[in-house]
Amino acid sequence: MSLELVSTSPCFDGTQGVYSHKSDTLKCDMRFGVYLPPASVSQPVPAVFWLSGLTCTEQNFITKAGAQHAASALGIAIIAPDISPRGVEIPNDDAYDFGQGAGFYVDATQEPWSRNFRMYPYLVGELPELVASHFAVDPTRFGISGHSMGGHGALTIGLRNPTLFRTISAFSPICAPSQCPWGERALTGYLGDDRSQWAKYDATQLIAEIGWSGSEILVDQGEADEFLKTQLKPDLLVEAAARGDVPLRLRRRAGYDHSYFFISTFIASHLEHHARYLLA
């Protein structure tokens with residue numbers, strides 16, 4: 001699989017790059033960001049995959065989160081893919097929470113979405129393989145994190161793939177998409193009306209059904225988040241984790257909202273969380 005370099009910039013003695021490739025899984029061109037710390041010059045390093053939220057691209061995280069400083073110091077790479085397939089030939093919807101820019105990290109089964117909206121297999125197969133074959137990263141030391149819709153993706157993908165992703169964290173995740181407007185719209189559209197097919201994309205249900213025996217899952221949630229009660233519902237995740245004896249730590253952050261100001265404030269501690277296990 002070949003890559004096209006879109007841009008590259010030195011950053012905290014490492015390199016922030018953006019790359020493009022033709023995705024066989026998604027049937028379109030895809031872009032993703034890669035931050036390589038200076039340690040990657042001499043040896044393969046752990047990598048954290050970052051999944052962004054609704055309406056984002058790979059640019060939101062790499063330009064707003066300020067994660068490169070901590071990643072450089074810790075010796076961790078960051079992989080930041082786009083959040084959905086895009087292009088004039090790709091199905092779309094006028095709403096911001098469905099269609100292009102709102103892939104929800106599922107493997108769609110309903111027409112016209114099933115040909116392209118396959119972010120789940122892209123993120124557990126094609127993209128990790130591509131990254132491992134082109135960059136100085138250690139594929140046995142991957143973690144996953146994300147924000148909002150991307151937090152939902154990080155939780156569900158991480159829980160279902162413990163041998164691929166050894167660590168999980170999330171900012172303001174959609175914890176129970178089967179029980180909120182964003183999730184109900186997306187899961188119905190991509191997967192159909194059979195709710196039994198939704199469970200594998202619902203972190204609260206996954207924790208209850210398959211559990212997690214790996215390292216502690218870290219979740220940060222702003223208490224001034226405008227989506228907290230209607231869309232995110234972290235208490236449901238905490239309750240399910242407690243029932244299943246899953247190691248999960250929810251940090252409630254007074255005064256913080258849903259923005260990248262929130263992410264940039266605590267991103268270093270999330271990378272430290274991943275490093276604690278990936279560098280052990």
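Just so it is clear, the model here is predicted, and its values are computed rather than measured.

Calculation rules
- Residues numbered from 1 in each chain as written.
- Predicted model: local features only at pLDDT ≥ 70, side-chain atom pairs only at ≥ 80, totals over all residues.
- Heavy atoms only, no water.
- Core = buried A, V, L, I, M, F, W, Y, C linked by side-chain atoms within 4.5 Å.
- Buried < 20%, exposed > 50% of the residue type's maximum accessible area, 1.4 Å probe, protein only.
- Helix = DSSP H or I, 4+ residues; strand = E, 2+ residues; numbered from the N terminus.
- Contact = heavy atoms within 4.5 Å.
- Phe/Tyr/Trp six-rings, centres within 6.5 Å; stacked < 30°, edge-to-face > 60°.
- Lys NZ or Arg CZ within 6 Å of the ring centre and 35° of its normal.

**Points about the nonpolar core**
Alright, step 1. Grouped together as the largest cluster of nonpolar side chains are 67 residues, with contacts concentrated most on Phe32, Phe104, Leu127, Val137, Tyr190 and Ile217.
Alright, step 2. At 7 residues, helix H3 (residues 119–134) tops the list of elements feeding residues into this core.
Alright, step 3. With residues up to four places along the chain from it excluded, the contact list for Val137 reads Leu36, Pro44, Val45, Ala47, Ala77, Val131, Ala132 and Phe142.
Alright, step 4. Listed in part, the 23 residues of the second largest apolar core include Tyr35, Ala67, Ile263 and Leu271.

**A short note on the environment of Gly17**
Alright, step 1. Tracing the backbone through its elements, the reader meets Gly17 in strand E2 (residues 14–23).
Alright, step 2. Using a relative accessible area of 0% as the deciding quantity, one classes Gly17 as buried.
Alright, step 3. Each C-alpha atom of the pair Gly17 and Ile62 lies 9.4 Å from the other, and the pair is 45 residues apart in sequence.
Alright, step 4. Leaving out residues up to four positions away in the same chain, Gly17 has contacts with Ser7, Thr8, Phe32, Gly33 and Val34.

**Notes on the packing of aromatic side chains**
Alright, step 1. Counting across every chain of the model gives 17 aromatic pairs.
Alright, step 2. When the centroid spacing of 5.5 Å and the interplanar angle of 20° are considered together, the rings of Phe117 and Tyr190 count as stacked. Of this pair, Phe117 sits in the loop between strand E5 (77–81) and H3 while Tyr190 sits in helix H5 (residues 181–191), and the two are 73 residues apart along the sequence. Each member of the pair, Phe117 as well as Tyr190, carries the same accessibility label: buried.
Alright, step 3. Taken together, a centroid distance of 4.7 Å and an interplanar angle of 50° make the contact between Trp182 and Phe227 tilted. Taken together, the positions of Trp182 in helix H5 and Phe227 in the loop between strand E8 (217–222) and helix H7 (228–232) put the pair 45 residues apart, joining distant regions of the chain.
Alright, step 4. Take Trp182: its relative accessible area is 4%, and that puts it in the buried class.
Alright, step 5. Taken together, the aromatic side chains of Trp50, Phe61, Phe171, Tyr256, Phe262 and Phe266 make up a single cluster linked through ring pairs.
Alright, step 6. The residue whose ring lies beneath Arg160 is Tyr120, and the NZ or CZ to ring-centre distance is 4.1 Å.
Alright, step 7. We note Arg160 situated over the ring of Tyr201; from NZ or CZ to the ring centre the distance is 5.2 Å.

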